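Okay, here's what each chain looks like letter by letter:
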Amino acid sequence: MSVVRFGVSLEKDLLAALDLYAEENMFPNRSQALRYLISHCLAEKKWRCNNPVAGSVTLMYNHHRRDLVSKLTALQHDYHEEILSSVHFHLDGDQCMEIIAVSGTAARLTELADRLHSVKGLDFVRLTITGTGKNPQA
Ligand code: NI
């Protein structure tokens, strides 16, 4: 694939944040970091469609937090058609890790992840999905 060079104007603070991001994530240069950020962002946009996808949601949380576990359970029941299975690991006396296997439309799974992001008290939420190769649903 041919590479095209183009100029970008950025605020100083934003450029400093980009350089820090590139350094922290061990990108060899700004271009590589920008390339990653742009493609990541565009891929996420693609997720808001009706394509059939499958993947997982990883959660980390302290199970002592008030109401957190019941909120998570209620939310998962709302997506019972998308949730295939989940595994809960008690990492220590407080911390839990949950891995939820999911399958459904990209839009619906992204919505689940967005709703999980809005639950207070979760330390980590990450949705990973990939197309299942089937034709998009009407
Ligand atoms: Ni636990």
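Shown above is the structure to which this text applies.
Remember, it's a predicted structure, so these values are computed and weren't measured experimentally. (Residues numbered from 1 in each chain as written. Predicted model: local features only at pLDDT ≥ 70, side-chain atom pairs only at ≥ 80, totals over all residues. Heavy atoms only, no water.)

**Quick look at the packing of helix α3 (residues 68-78) against helix α4 (residues 106-117)**
Applied cut-off: What counts as an axis is a line fitted to C-alpha atoms, over the stretch in contact for a helix, and the angles between N-to-C directions run from 0 to 180 degrees. Under the DSSP-based scheme used, a helix requires at least four consecutive residues in state H or I and a strand at least two consecutive residues in state E, with every element numbered from the N terminus. By the definition adopted for this analysis, an angle is roughly parallel if under 35 degrees, roughly antiparallel if over 145, roughly perpendicular if from 65 to 115, and oblique otherwise. Left-handed is the label given to a crossing in which the near helix is rotated counterclockwise from the far helix by less than a right angle, and right-handed is the label when the rotation is clockwise. Should any heavy atoms of two residues lie within 4.5 Å, those residues are counted as being in contact. Throughout, the ten residues Ala, Val, Leu, Ile, Met, Phe, Trp, Tyr, Cys and Pro are labelled nonpolar, Asp, Glu, Lys and Arg are labelled charged, and all others, Gly among them, are labelled polar.
Packing of α3 against α4 brings their axes to within 11 Å, and their N-to-C directions diverge by 165°. In terms of orientation, α3 and α4 fall into the roughly antiparallel class. Crossing angle aside, the handedness with which α3 passes α4 is right-handed. Across the interface between the two elements, Leu 72, Leu 75 and Asp 78 of α3 pack against Arg 108, Leu 112, Arg 115 and Leu 116 of α4. For the contact of α3 with α4, the per-class residue count stands at 4 nonpolar, no polar and 3 charged.

**Side note on a nonpolar patch on the surface**
Just so we agree on the cut-off: Patches in this entry comprise residues that are over 30% relatively accessible and not in a salt bridge; like charges within 9 Å are linked, as are nonpolar side chains (Val, Leu, Ile, Met, Phe, Trp, Tyr) within 5 Å. For the area figures, the Shrake-Rupley method with a 1.4 Å probe applies, and any residue is considered shielded solely by the protein chains shown. One speaks of a salt bridge when a side-chain nitrogen belonging to Lys or Arg is within 4 Å of a carboxyl oxygen belonging to Asp or Glu.
Residues Phe 6, Val 8, Leu 10 and Leu 14 make up a contiguous nonpolar surface patch of roughly 400 Å² in combined accessible area. Counting through the fold element by element, Leu 14 comes out in helix α1 (residues 12-24).

**A word on the nonpolar core**
Which entries qualify depends on this criterion: By nonpolar core is meant a set of buried Ala, Val, Leu, Ile, Met, Phe, Trp, Tyr and Cys residues that side-chain atoms within 4.5 Å join together. Buried residues are those whose accessible area, probed at 1.4 Å on protein chains only, stays under 20% of the maximum for their type, while exposed residues exceed 50% and partly exposed ones sit between those limits.
Core analysis: the largest hydrophobic core is formed by 22 residues, its most contacted members being Val 57, Leu 59, Val 102, Leu 116 and Leu 122. Those elements that provide at least two residues to this core are β1 (52-62), α3, β3 (95-105), α4 and β4 (122-131). The element contributing the most residues to this core is α4, with 5 residues. Discounting chain neighbours no more than four positions away, the residues touching Leu 116 are Val 57, Leu 59, Leu 72, Leu 75, Leu 122 and Val 125.

**A look at the pattern of salt bridges**
Per the stated rule, a full pass over the model turns up 5 salt bridges. A salt bridge links Asp 19 to Arg 30, with the shortest nitrogen-to-oxygen separation between them at 2.7 Å. Of this pair, Asp 19 sits in helix α1 while Arg 30 sits in helix α2 (residues 30-46), and the two are 11 residues apart along the sequence. By relative accessible area, Arg 30 is classed as partly exposed at 40%. Residues Glu 82 and Arg 108 are paired through a salt bridge, measuring 3.0 Å at the closest nitrogen-oxygen approach. Of this pair, Glu 82 sits in the loop between α3 and β2 (83-90) while Arg 108 sits in helix α4, and the two are 26 residues apart along the sequence.

**Digging into the coordination of the nickel ion**
The condition that has to hold: The rule for donors is simple: N, O or S, within 2.8 Å of the metal, or within 3.2 Å if the metal is Na, K or Ca. Water isn't counted, so a site may look like it is missing partners.
Donor atoms from the polypeptide that bind the nickel ion are His 88 (NE2), His 90 (ND1) and Cys 96 (SG), placed at 2.1 to 2.4 Å. Coordination of the nickel ion draws on donor residues from a single chain, spaced H-x1-H-x5-C in sequence.

**Looking at the sheet that holds β4**
As a reminder, the rule being used: Here, any two strands with at least 2 DSSP bridges between them count as paired.
Spatially, 4 strands are ordered β2-β3-β1-β4 in an open sheet, and the strand pairing comes out antiparallel. Both outer strands of the open sheet, β2 and β4, are each paired with one neighbouring strand and no more. Going across the sheet, the axis of each strand differs from the next one's by a mean of 15°, ignoring polarity. Packing of α3 onto the sheet brings it into contact with β1, β2, β3 and β4, and relative to β1 it is tilted by some 170°.

**Re α3**
Side chains three or four residues apart in an α-helix point the same way, a direct result of the helix having 3.6 residues per turn. Here is the rule: The arc under discussion is defined with respect to the helix axis, by the directions toward the C-beta atoms.
Along α3, the residues that are buried comprise Leu 68, Leu 72, Leu 75 and Gln 76. Down the axis of α3, the buried set is contained in an arc of 100°. They therefore lie on one face. Against the buried residues of α3 lie β1, β2, β3, α4 and β4.

Nothing here speaks to function; it is geometry throughout.
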